[in-house]
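Here is what each chain is made of, one letter per residue.
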Amino acid sequence: MTCSCCNNGSTSKNKCYCDSNLAFDCCCKPFLENEIKPLTAESLMRSRYSAYCTLNLEYLLSTSTGHALEQTPSYIEPFNWQNLTILSKKSGTETDNTGTVEFKATFEQNGRLYSLHEISQFQKIEGHWFYSEGLRLT
């Protein structure tokens, strides 16, 4: 993958939290700062993971709808997120209205590693992707 913003003067080489292998400035930061909107369900999923890593509750709330919005915590636990692995995805492209992303996220808390395995549902509303529901498998 290439990153056009890194080729246009961005000096940050910090890897994005979402494990995309892009610099944070070129990957999730523009989403988290509401400069642009994710074009796919996967990019929204990745940006929401980065929001947890950066404790950006406002972004989590603004990208949730329905049951997921009702379940969004009022406070984000400051876990030490280790990595994100996308296991599968179904639909969720720029031309779809719904999408599913299965992922595993690993985090450290009190010296122990834990894994969150979830199948996330996304829907596009008025041209923008939202997290609508998640089924936790672990």
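Right above here is the structure, for reference.
Residues numbered from 1 in each chain as written. Predicted model: local features only at pLDDT ≥ 70, side-chain atom pairs only at ≥ 80, totals over all residues. Heavy atoms only, no water.

A. Spatial organisation of the side chain of S132. As for its placement among the helices and strands, S132 is situated in strand β4 (residues 128-136). Judged by its relative accessible area of 13%, S132 falls in the buried class. In this structure, S132 is in contact with T65, H67, A68, Q121, F122 and Q123, ignoring residues within four places of it in sequence. (Helix = DSSP H or I, 4+ residues; strand = E, 2+ residues; numbered from the N terminus. Buried < 20%, exposed > 50% of the residue type's maximum accessible area, 1.4 Å probe, protein only. Contact = heavy atoms within 4.5 Å.)

B. Expanded view of the environment of Y17. One can find Y17 in the segment before α1 (29-32). Owing to a relative accessible area of 37%, Y17 belongs among the partly exposed residues under this scheme. Considering only alpha carbons, one finds Y17 and C53, 36 residues apart in sequence, at a separation of 6.9 Å. For Y17, the contacting residues outside a window of four places in its chain are F24, Y49, S50, C53 and T54.

C. Here's a closer look at the environment of L87. The residue L87 is located in strand β1 (residues 80-91) in this model. Classification of L87 by relative accessible area gives partly exposed; the value is 41%. Sequence separation between L87 and E102 is 15 residues, and the spatial gap between their C-alpha atoms is 5.4 Å. Those residues within four positions of L87 in sequence are excluded, and the remaining contacts are E102, F103, K104 and H117.

D. The arrangement of the pairing of strand β3 (residues 112-125) in detail. The pairing of strand β2 (residues 98-109) with β3 spans twelve bridges and is classified as antiparallel. Counterpart to A105 in the pairing with β3 is L116. With eight bridges connecting them, β3 and β4 associate as antiparallel partners. When the sheet's bridge partners are listed, S120 is paired in β4 with G134. Two successive antiparallel strands, β3 and β4, enclose a turn made up of two residues, where E126 displays a positive phi of approximately 50 degrees. (Pairing = 2+ DSSP bridges.)

E. Spotlight on the pattern of salt bridges. Counted under the stated rule, the structure contains five salt bridges. Among the salt bridges present, the one from D25 reaches K29, with a minimum N-O distance of 3.5 Å. Judged by its relative accessible area of 26%, K29 is partly exposed. Linking R46 and E42 is a salt bridge whose minimum nitrogen-to-oxygen distance equals 2.9 Å. Of this pair, R46 and E42 both sit in helix α2 (residues 41-53), separated by four residues, roughly a single helical turn. Residues joined in a network through salt bridges with shared partners are E42, R46 and K89. (Salt bridge = Lys/Arg side-chain N within 4 Å of Asp/Glu carboxyl O.)

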